[in-house]
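If you want the building blocks of each chain, they are given just below.
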Amino acid sequence: MDRTTSTRAAATAATADTAASAATPTTATAVNKGVQRAAGPIGVGLALAALATVVWSGSFVTSRALADSVPPIQHAFWRWIIAIAAVAPFAVRQTWRQRALLRKHIRFLLIASLLGVTIYNTLVNQAGVTTTAGNMGMIMAASPVLMAVYERLGGARLGARRVTGMLVACAGVLVLVSGGSLSMDFAVGDLWIIAGAVSFGSYSALLKRKPAEIGGLPFLFATFVLGALMLLPVFVVSFVVQGGFEPTVGTVSPLLYVGVVSSAIAFFAWNKAISIIGAARAGVIYYLQPVCVALLSFAVLGEAMGWLQVMCMGLILGGVVLGAARAKK
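Calculation rules
Residues numbered from 1 in each chain as written. Predicted model: local features only at pLDDT ≥ 70, side-chain atom pairs only at ≥ 80, totals over all residues. Heavy atoms only, no water. Helix = DSSP H or I, 4+ residues; strand = E, 2+ residues; numbered from the N terminus. Areas by Shrake-Rupley, 256 points an atom, 1.4 Å probe, with all protein chains shown as cover. Contact = heavy atoms within 4.5 Å. Axes fitted to C-alpha atoms, helices over the stretch in contact; angles between N-to-C directions. Left-handed = near helix turned anticlockwise from the far one by under 90°. Nonpolar A, V, L, I, M, F, W, Y, C, P; charged D, E, K, R; others polar. pLDDT = per-residue confidence, 0-100. Core = buried A, V, L, I, M, F, W, Y, C linked by side-chain atoms within 4.5 Å. Buried < 20%, exposed > 50% of the residue type's maximum accessible area, 1.4 Å probe, protein only. Parallel < 35°, antiparallel > 145°, perpendicular 65-115°, else oblique. Phe/Tyr/Trp six-rings, centres within 6.5 Å; stacked < 30°, edge-to-face > 60°. Polar contact = N/O pair within 3.5 Å; in protein donor to acceptor, adjacent residues only side chain to side chain. Expected span 1.5 Å × (residues − 1). Bend = angle between axes of the 7 residues up to and from the residue.

Turning to the overall build of the protein chain, a few remarks are in order. Broken down by element type, the protein chain carries 12 helices and 0 strands. Seen in sequence order, the protein chain has helices and strands lined up from the N terminus as α-α-α-α-α-α-α-α-α-α-α-α. Surface exposure of the protein chain reaches about 16,400 Å², of which carbon and sulfur atoms provide 69%.

Structure, rendered in structure tokens:
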């Protein structure tokens, strides 16, 4: 009986080992597939954030290029009218289906529209009248630091590294806008773009609270429409006081770019990226913007980059990279 029992036990163990060996590759394959599935969306999110960042870099150049020919408020208004026309064929049907849901969350939509559509780009256009595109890009690169501040206000622990990064980035902004003297004698355009950075950082942080049931296109279309409506009274005042602008290739082409590419495409990509990877991680990609703006402004506008701009770019980029570090648990 003992020998028989031993034989049966050995056979059972061998069968179990064989089954385990056979199952191991399957389990490993399943795990690998799970990792690939998890890594896939992150890669897509990073790519979308990079797309939005590169495209928005061009919008700073157009803001500077149109500063003398198109009043800033009219620039912003026509940008959103073009964006609405570009998105409408794809979004109207979905927006109509979700009209009750959009009415339910109208307060959130109004705030998001005010920050991301009505205020932000209007301030960027206004800044382009009195400061360079390079300065605008570098100052805007500090906006992810504000996203970290909102995280802290929401209860997240930042840690010493992130706080240090924010201080370094803020120091870079102060040195840049003061011309290296730290006399607080800022150019008017620099102050406008600082306000724009606050608006964009607030908008990006607010996206974390977007109701999941609202689709990406209906949200985009609704914010574009609401933002343009809130901008309409100021546009009318600008048109009456300042007059219109001459529609030429030099004015219409940049408006088409910011309306279709920099608004419809870039905002959709940015909003989708945040929904996939979060504002903090998308903000890391946004740090590439000063480099993109500097290269574009040099190539298109002939703006020079002096030692002060290079030094401040290093401070801001170094600070925001530190500021993007995860808080220690």
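From this point on, the discussion continues.
Within the secondary structure, L207 is located in the loop between helix 8 (188–206) and helix 9 (216–242). L207 sits 95 residues away from A112 along the chain, and the two C-alpha atoms are 7.8 Å apart. Ignoring anything within four residues of it in the chain, the contact list for L207 reads F219, W270, N271 and I274.

Bringing the packing of helix 4 (residues 106–127) against helix 9 into the picture now. Remark: helix 4 packs on helix 9, axes separated minimally by 8 Å, with the N-to-C direction vectors making an angle of 65 degrees. Considering the relative orientation of helix 4 and helix 9, their crossing is right-handed. Across the interface between the two elements, I106, F108, L109, L110, A112, S113, L114, V117, T118 and T122 from helix 4 touch F219, A222, T223, F224, L226, G227, A228, M230 and L231 from helix 9. Residue composition of the contact of helix 4 with helix 9, by class: 14 nonpolar, 5 polar and no charged.

A low pLDDT means the predicted coordinates there should not be read in detail. For the protein chain, per-residue confidence averages 78 on the pLDDT scale, and 76% of positions sit at 70 or higher. Considering only residues more than four positions removed or in separate chains, one finds that residues 1–7, a stretch of pLDDT under 50, has 0 contacts. Note on residues 9–39: pLDDT is under 50 here. Beyond four places in sequence and across chains, it has 0 contacts.

Here we come to the nonpolar core. Grouped together as the largest cluster of nonpolar side chains are 65 residues, with contacts concentrated most on F60, F224 and W270. Considering each element in turn, this core owes the most residues, 11 residues, to helix 10 (residues 249–286). If you look at the next biggest cluster of nonpolar residues, it comprises 6 residues, including V70, I82, F245 and V258.

We now examine the packing of helix 2 (residues 72–97) against helix 9. At a minimum axis distance of 8 Å, the contact between helix 2 and helix 9 shows a crossing angle of 150 degrees. Considering the angle they form, helix 2 stands roughly antiparallel to helix 9. Helix-helix and strand crossings are classified by hand; for helix 2 and helix 9 the assignment is left-handed. Here the contact of helix 2 with helix 9 is composed, by residue class, of 24 nonpolar, 5 polar and no charged.

Because an α-helix packs 3.6 residues into every turn, residues spaced three or four apart end up facing the same way. Judged by how many residues are buried, helix 5 (residues 133–140) sits mostly within the fold: 8 of 8 residues are covered. Turning to helix 5, its buried residues are A133, G134, N135, M136, G137, M138, I139 and M140.

To continue, consider the environment of C312. Positionally, C312 belongs in helix 12 (residues 307–323). C312 sits in the buried class, given a relative accessible area of 0%. The spacing of C312 and V173 is 139 residues in sequence and 7.0 Å in space, taken between C-alpha atoms.

What follows concerns the side chain of T122. Among the structural elements, T122 can be located in helix 4. The residues contacting T122, other than those within four sequence positions of it, are I73, A76 and L231.

One pass over the full model with this rule turns up 14 aromatic pairs. A ring pair is formed by W56 and F200, whose centres lie 5.5 Å apart and whose planes are at 85 degrees; its orientation type is edge-to-face. Of this pair, W56 sits in helix 1 (residues 2–65) while F200 sits in helix 8; the two residues are 144 residues apart in sequence, bridging distant segments of the chain. Both rings, one in F224 and one in F267, keep their centres 6.1 Å apart while their planes meet at 85 degrees; by these two values the pair is edge-to-face.

Next up on the list: the side chain of N125. For N125, the location among the structural elements is in helix 4. Reaching out from N125, the side chain makes a polar contact with the side chain of S63 at a distance of 2.8 Å. Within polar-contact distance, the side chain of N125 engages the side chain of H75 at 3.4 Å. Ignoring any residue separated from it by four or fewer positions in sequence, one finds N125 in contact with S63, P72, H75 and A76.

In a regular helix each residue adds 1.5 Å, so 22 residues correspond to 32 Å; helix 4 covers 30 Å between its end C-alpha atoms and thus fits that length. The largest bend along helix 4 measures about 40 degrees and falls at L114.

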